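Each chain, letter by letter, is given below.
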Amino acid sequence: MKRISDMFLITSCSFMLVVMFNCLCQTFFVESRAIQVKDIYNILLVCFIISGLLVNLSITDSMLMSYMTVMIVIYVMEYLFYGAEFFTPVNFIFSFIIMSFIFFIVYLVLYYENEKDAQKINLFIQKHIK
Amino acid sequence: MKYVIKKSSIYEETEVDIKCCHMDDEVKNLIKYIDGMTHYLICKKDHVNYSILFCHIYYIESVDHQTFVYTKEDCFQTKHPLYELEEILKNSSCMRISKSTILNLSYLKSVKALFNGKYEVTLENNEKLLISRRYVSDFKKKFGL
């Protein structure tokens, strides 16, 4: 149950962040393409898949491995949505930066959660084991 | 929790009698502790065999197919592989924390979260061990999280 709630929390947070980032980009860079309904669905689906992967991959030991898997999944999704024309250098670098940023945020959230649990465990140790 | 000690020469060996209305965590921990005081592991150091009580084990580590048992200040070798020890120690306060380590939770001093999702634990003898991500959830469960 905790995993499912984590998954939905990560999905909603990352979805909101990516959409907001897109809106900000459109505000400051007028020449950028306006966000469309298809894009929103794409972002939502990618965020959902990433969060599912991250929650399940968080039990594996290699952080780099989870990052690589997530990036591969994202590019496959982008290819399915937009085809080969998506893979221009600008698009590629731009999506790489955004996804790395999301990945970093997710790990920061997981770290924060783990640190909270660590504090609870330390309290338990002080109370019961000492 | 109350306890009564009856000291007399009529007793041949020490006997612990637990009276409780239900088996709560406190009683379970007490049983685990008593188990650790009565069960031991045969280990070797400098070609001499030693019996190490479970409760004196800080952690067990497997390096290059050899298993080492660490106490507060000493290190011994045992012929048992780690998976076998995990089974032997499953009712004690020990738990697997990585592919190569079993930790005795009784000697934990502090726990720290790491950015890569692992935990770093400091033992009472100030040794530091890593809990791999695979075992983090089991570790949390031991503390009711």
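(A) Fine view of the overall build of chain A. Counting its secondary structure elements, chain A contains four helices and zero strands. Reading the secondary structure of chain A in the N-to-C direction produces α-α-α-α. Considering chain A as a whole, with its 130 residues, one finds that 33% of them fall into the buried category. Long-range pairs, those at least 24 residues apart, make up 71% of the contacts in chain A between residues at least 6 apart in sequence. For chain A, the accessible area works out to roughly 8,200 Å², and carbon and sulfur atoms hold 76% of it.

(B) Seen up close, the packing of aromatic side chains. Overall, the coordinates contain seven aromatic pairs over all chains when judged by the stated rule. Judged by centre distance (6.1 Å) and plane angle (50°), the ring pair of Phe 8 of chain A and Phe 48 of chain A falls under tilted. One end of the pair, Phe 8 of chain A, is in helix α1 (residues 2–28); the other, Phe 48 of chain A, is in helix α2 (residues 37–57), with 40 residues separating them in the sequence. Their ring planes at 45° and their centres at 6.2 Å tell us that Tyr 119 of chain B and Phe 139 of chain B sit as a pair that is tilted. In this pair, Tyr 119 of chain B sits in strand β9 (residues 119–123) while Phe 139 of chain B sits in helix α3 (residues 133–142), placing the two residues 20 residues apart along the sequence. Look at Tyr 119 of chain B and you get buried, because its relative accessible area is 0%. Take Phe 139 of chain B: its relative accessible area is 0%, and that puts it in the buried class. Linked through ring pairs, Phe 124 of chain A together with Tyr 119, Phe 139 and Phe 143 of chain B together constitute an aromatic cluster. When the ring centre of Phe 76 of chain B is taken as origin, the NZ or CZ atom of Lys 45 of chain B, which lies over that ring, is 5.8 Å away.

(C) Just the layout of surface pockets, in detail. By volume, the largest pocket is sized at about 1,200 Å³. Residues belonging to the lining of the largest pocket are distributed by class as follows: 14 nonpolar, three polar and nine charged.

(D) Focus on α3 of chain B. Residues and elements named next belong to chain B. Among the residues of α3, Arg 133, Tyr 135, Val 136, Phe 139 and Lys 140 are the ones counted as buried. Angularly, the buried residues of α3 cover 150° about the axis, an arc narrow enough to put them on a single face. One or two positions beyond α3, positive phi appears at Gly 144, with a value near 75°.

(E) Region of the structure containing the nonpolar core. Leu 103, Leu 108, Val 111, Val 121, Ile 131 and Phe 139 of chain B are the most contacted members of the largest nonpolar core, which totals 24 residues. For this core, the elements supplying multiple residues, two or more each, are α4 (89–129) of chain A together with β4 (66–70), β6 (94–98), β8 (108–113), β9, β10 (128–131) and α3 of chain B. Those residues within four positions of Ile 131 of chain B in sequence are excluded, and the remaining contacts are Ile 97, Lys 118, Tyr 119, Val 121, Val 136 and Phe 139 of chain B.

(F) Representation of the pairing of strand β7 (residues 101–104) of chain B in the model. All names here are of chain B. Covered by surrounding structure in β7 are Thr 101 and Leu 103 together with Ile 102 and Asn 104, the residues of both alternating faces. As paired elements, strand β3 (residues 59–63) and β7 share three bridges and run antiparallel to each other. By the bridge assignment for β7, Glu 61 is matched with Thr 101. With antiparallel pairing between neighbouring strands as the criterion, β6 and β7 make up a hairpin whose turn holds two residues.

(G) Geometry of the sheet that holds β9 of chain B. Residue and element names in this part refer to chain B. On the basis of which strands lie adjacent, the open sheet formed by three strands has the order β8-β9-β10 and antiparallel pairing. Edge strands, defined here as strands with exactly one partner in the open sheet, are β8 and β10. The sheet shows a mean angle of 25° between the axes of neighbouring strands, taken without regard to direction. Of the strand pairs in this sheet, β9 and β10 are connected by four bridges, and their pairing is antiparallel. The partner of Tyr 119 across the bridge, within β10, is Ile 131.

Reading the values: the criteria
Residues numbered from 1 in each chain as written. Chains lettered and ligands numbered in written order. Predicted model: local features only at pLDDT ≥ 70, side-chain atom pairs only at ≥ 80, totals over all residues. Heavy atoms only, no water. Helix = DSSP H or I, 4+ residues; strand = E, 2+ residues; numbered from the N terminus. Buried < 20%, exposed > 50% of the residue type's maximum accessible area, 1.4 Å probe, protein only. Contact = heavy atoms within 4.5 Å. Areas by Shrake-Rupley, 256 points an atom, 1.4 Å probe, with all protein chains shown as cover. Phe/Tyr/Trp six-rings, centres within 6.5 Å; stacked < 30°, edge-to-face > 60°. Lys NZ or Arg CZ within 6 Å of the ring centre and 35° of its normal. 1 Å grid on protein atoms, 1.4 Å probe; cavity = no way out; pocket = protein on both sides within 12 Å on 5 of 7 lines; lining within 4 Å. Points joined across faces, edges and corners; volume = space filled by probe spheres on them. Nonpolar A, V, L, I, M, F, W, Y, C, P; charged D, E, K, R; others polar. Arc of directions from axis to C-beta. Core = buried A, V, L, I, M, F, W, Y, C linked by side-chain atoms within 4.5 Å. Pairing = 2+ DSSP bridges. Axes fitted to C-alpha atoms, helices over the stretch in contact; angles between N-to-C directions.

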